[in-house]
Amino acid sequence: LAATLPGGLGLASSALLWMTYAAITGTVATGCWVVAHECGHNAFSDNKLLQNTVGYVLHSALLVPYFSWQRTHAVHHMNTNNIETGETHVPPVLGTPEGDAQVAARRALGKRWPAVSMFLHLVLGWPAYILTGATGGLKYGKTSHFMPWGHTGDKNPAFAKLFPTRFLKMRVLHSQWGIAVTLLGLAKWAQLTSVGTVLKVYGLPLMMVNVWLVLYTWLQHTDVDVPHYDSNEYSFIKGALSTIDRPYGPVLNLLHHGIGRTHVAHHVASNIPHYHAWRATEAIEKAFPSHYLYDPTPIHRALMRVASKCVAVQKLPGASGAYLWVNDDK
């Protein structure tokens, strides 16, 4: 259709069609990511071989190192909103070089900052995390889901702490086999067709999957009034109940198995299958109404608020080990 239109109009129509294809296909494929996520939590099946096979195949097809991610994601669950040992979406602290740089960048960019923040998180965030451990806590530093020994062997404390045993290190290597097979398949596909075809048919939807993945995780663990804690103040249940459920609507809840609407229950007990998480959510809300976090703000508005205002945290005055987001509207 686009090819029949003249000049620039045809190019614009073609781009629009490809972006629509990517948005729809990537949104549906995110549901496969969530199923693999459940496999990583032992929430998919009592048959461990079946469970790990499904998770490994689905994640490898989406260029996710399954066993590496399973380990780091378990660390995330055990340390959610811990400013020191958290494994992902750990905010920079005001007074540190990174925290001061973030605040300075926000002030310098002004109204452009939310767009920059969203691009850094939603487009670059997943590759940066999987390759370098971006947004990880101070305990781990620069890490990679592909290099369990790092560049300096086990003397590298970050890798030693994230993948401390030989078993975990070997699981990282096993994860690479699935990625290698997928990359070889993509290379053969490109040889038979073209690189452009692979980038459009596979690459664009994959980018959309990664956008959804980071958007969910970012909004599940970040908002202007949600604290982080140091290790003296932290407990597992504090971290789990710092998770936020949000309204994604019936279509996304169906396609993505309620991952954004039932995430508090998932952090309280991560081995609950998604089809039971709705009842678990109702039970938690009923039993702990003052602790259960649900924000009815529409997702696009919540995203803008988080991208605009959640820049760096600072420790509350006194002996408390709690950190809140800096209120900086300059």
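Residues numbered from 1 in each chain as written. Predicted model: local features only at pLDDT ≥ 70, side-chain atom pairs only at ≥ 80, totals over all residues. Heavy atoms only, no water.

Participant: Explain the nonpolar core here, please?
Facilitator: Note on soluble globular proteins: their nonpolar side chains tend to be buried together. Formed by 38 residues in total, the largest nonpolar core has its most connected members in W33, L122, W126 and L215. Secondary-structure elements contributing two or more residues to this core are α1 (7-40), α5 (113-123), α6 (125-132), α8 (166-192), α9 (195-221), α14 (299-309) and β3 (322-325). With 12 residues, the top contributor of residues to this core is α9. Every residue in contact with W33, bar those within four places of it in the chain, is listed here: H59, L62, V64, W69, W126, V209 and L213. (Core = buried A, V, L, I, M, F, W, Y, C linked by side-chain atoms within 4.5 Å. Buried < 20%, exposed > 50% of the residue type's maximum accessible area, 1.4 Å probe, protein only. Helix = DSSP H or I, 4+ residues; strand = E, 2+ residues; numbered from the N terminus. Contact = heavy atoms within 4.5 Å.)

Participant: I tried to follow the packing of aromatic side chains on my own but got confused; where do I start?
Facilitator: Aromatic rings considered in pairs are described by the distance between their centres and by the relative angle of their planes. Taken as a whole and assessed by the stated rule, the structure comprises eight aromatic pairs. Both rings, one in W33 and one in W126, keep their centres 5.9 Å apart while their planes meet at 85°; by these two values the pair is edge-to-face. Taken together, the residues span a long stretch of sequence, with W33 in helix α1 and W126 in helix α6 at a distance of 93 residues. Comparing W33 with W126 shows no difference in burial state: the two are buried. By the ring-pair criterion, three or more aromatic residues cluster together here, those being W33, W69, W126 and Y129. The ring centre of Y229 lies 5.1 Å from the NZ or CZ of K238, which sits over that ring. (Phe/Tyr/Trp six-rings, centres within 6.5 Å; stacked < 30°, edge-to-face > 60°. Lys NZ or Arg CZ within 6 Å of the ring centre and 35° of its normal.)

Participant: Even after reading the chapter, I still don't get the pairing of β3, so can you show me in this structure?
Facilitator: Residues in a regular strand point their side chains to alternate faces of the sheet. Where strand β1 (residues 228-229) lies against β3, two bridges are found, and the strand directions are antiparallel. Across the sheet, the residue bridging to H228 is Y323, located in β3. In terms of strand pairing, strand β2 (residues 313-315) meets β3 through three bridges, oriented antiparallel. Paired with V313 across the bridge in β3 is W325. (Pairing = 2+ DSSP bridges.)

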